[in-house]
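Examining the three-dimensional arrangement
Chain by chain, the residues run as shown.
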Amino acid sequence: MKKIVLILSLIVSSLFISKNCIAQMISFCESVKEDGQMVNPSSTYAMTKNGGIMSMLVTLDHKVGSEKIVYKVFRVSDKGDQTLDQTINDNVIPDWMWFYHDLIIRSPGNYIVYVYQDGSTKVLASGLVHLIPAKK
C-alpha cells in the first residue's frame, strides 16, 4: 500500500512540475511570426566570430501583469557558475501571455535567461541556450 501511495504521489508531482516547466518558459528560435509561432526553434545554435542573434519567445500560463519586464542573461560555466552577461529591458502589455525579444550573443557558450517583472525578484520564466562556433 505504501508503494502505491508513493508511486501515485510521484506521478502527480511530476505532472505538476512538468506542467509548470512547460507553461512558463523561454524558447529560442530564429524568429517569431505575428501569431507567436517560432521559426526554426532550437536550444543549440552555431554562431560566427562576430556573434549571433536569435529570438527569445516567452510563454506564460497567466497574464504578465506588468508593463515592463527585464531579461537577465547569464553565461553558465562548465562548473555551473552563472555570470551576468547582459540585462535587457522591454515594454509589454499587462494582458499578454506571450512575447518575444531578440538576443545578441557575442561569444560561444551556455547561457540561461531569466525574465522578471520590472522591480521584482520572482522569475516569470527561464530558458537555456547553447551557442557553438560555426564550422568554417
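For the structure, check the block above.
Structure report, in brief. (Residues numbered from 1 in each chain as written. Predicted model: local features only at pLDDT ≥ 70, side-chain atom pairs only at ≥ 80, totals over all residues. Heavy atoms only, no water.)

1. Side note on the environment of Val123
Threshold: Here a strand is any run of E in DSSP of at least two residues, a helix any run of H or I of at least four, and the numbering for each starts at the N terminus.
The topology assignment puts Val123 in strand β10 (residues 123-133). Along the chain, Val123 and Gln24 lie 99 residues apart, while their C-alpha atoms are 9.5 Å from each other.

2. Details of the pattern of salt bridges
Quick reminder of the rule: Salt bridges are counted wherever a side-chain nitrogen of Lys or Arg sits within 4 Å of a carboxyl oxygen of Asp or Glu.
Following the criterion strictly, the structure yields one salt bridge and no others. Residues Asp95 and Lys63 are paired through a salt bridge, measuring 3.8 Å at the closest nitrogen-oxygen approach. You can see Asp95 sitting in the loop between β7 (82-91) and β8 (98-105) and its partner Lys63 sitting in the loop between β5 (52-59) and β6 (68-76), a full 32 residues away along the chain.

3. Re the environment of Val39
Operational definition: Residue contacts follow a heavy-atom distance rule, with two residues in contact if any of their heavy atoms lie within 4.5 Å.
In this structure, Val39 sits in strand β3 (residues 38-39). Once residues within four sequence positions are removed from consideration, Val39 is found in contact with Cys29, Glu30, Ser31 and Lys33.

4. Looking at the pairing of strand β4 (residues 44-47)
For clarity, the threshold we go by: Throughout this description, buried means an accessible area under 20% of the type-specific maximum (1.4 Å probe, protein chains only), exposed means over 50%, and partly exposed covers the range between. The pairing criterion for strands is at least two bridges between them, as found by DSSP.
Alternating positions in β4 separate cleanly, Tyr45 and Met47 being buried on one face and Thr44 and Ala46 remaining unburied on the opposite face. Bridge count between β4 and β10: four bridges; the pairing is parallel. Its bridge partner being in β10, Met47 is matched across the sheet by Pro133.

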